[in-house]
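Chain and residue survey
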Amino acid sequence: TRFSKNNFYGEIEPQWYASKNDCEEIYQMLRDTFDIRCDQIPDLEELRERADNREILKINADGKIASAIIFHRKPSIAEWVFWLTRPEYRAKFYGMYVREIYLQLTGNVRRQIIYVREQKMKLFNESFGFIADGFENRVFVLDN
């Protein structure tokens, strides 16, 4: 969680927002990156809704999406849910570019929430001002 005394979304250039046409590619990236049972990835229709609501940011490289952030835009909360970067673009910092745009957009929203896997990202996100709030989420899957 990260808090601000202000409460407004910043302005960013329109090309940073994903469109409905980007959603199939983003959906495939989600399936390639996350566990489809445990990570509760959104379906294609939900992604299209998020694109309409300007809740998906993306950066392109070589004619494809290199990195994207999916979040929930609420009046006083920006809730960062997924951050994905294709493996071939990680060393080129494409994920960091789109993260900077996300922070420009949400930096003055009263409360920001980000979900991370503790073993991988906790210290990284704390260096950007997020504080672990003790919340833990467990997903149980009945695997027949």
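This report concerns the structure included in the present document. The model shown is predicted, which means the values in this text are computed figures rather than measured ones.

1. Observations regarding helix 1 (residues 23–33)
- Those residues of helix 1 that sit buried are C23, I26, M29 and L30. The buried side chains of helix 1 occupy one side of the element, clustering within an arc of 120° when seen end-on. Along helix 1, the residues that are exposed and aim more than 90 degrees away from the buried face are E24 and D32.
- Turning to helix 1, the residues buried within the fold contact helix 2 (44–52), strand 2 (56–61), strand 3 (64–73) and strand 4 (77–85).

2. Some remarks on the pattern of salt bridges
- Per the stated rule, a full pass over the model turns up ten salt bridges.
- In this structure, K20 engages D52 in a salt bridge whose closest nitrogen and oxygen atoms are separated by 3.3 Å. With K20 in the loop between strand 1 (2–3) and helix 1 and D52 in helix 2, the pair connects residues that are 32 residues apart, well separated along the chain.
- Of the charged contacts in the structure, one is a salt bridge between E25 and R86, with a shortest N-O distance of 2.7 Å. Of this pair, E25 sits in helix 1 while R86 sits in the loop between strand 4 and helix 3 (87–90), placing them 61 residues apart in sequence.
- Residue classification places E25 among the partly exposed residues on the basis of a relative accessible area of 25%.
- Via salt bridges that share partners, E24, E45 and R48 belong to a single interconnected network.

Conventions and cut-offs
- Residues numbered from 1 in each chain as written.
- Predicted model: local features only at pLDDT ≥ 70, side-chain atom pairs only at ≥ 80, totals over all residues.
- Heavy atoms only, no water.
- Buried < 20%, exposed > 50% of the residue type's maximum accessible area, 1.4 Å probe, protein only.
- Helix = DSSP H or I, 4+ residues; strand = E, 2+ residues; numbered from the N terminus.
- Arc of directions from axis to C-beta.
- Contact = heavy atoms within 4.5 Å.
- Salt bridge = Lys/Arg side-chain N within 4 Å of Asp/Glu carboxyl O.

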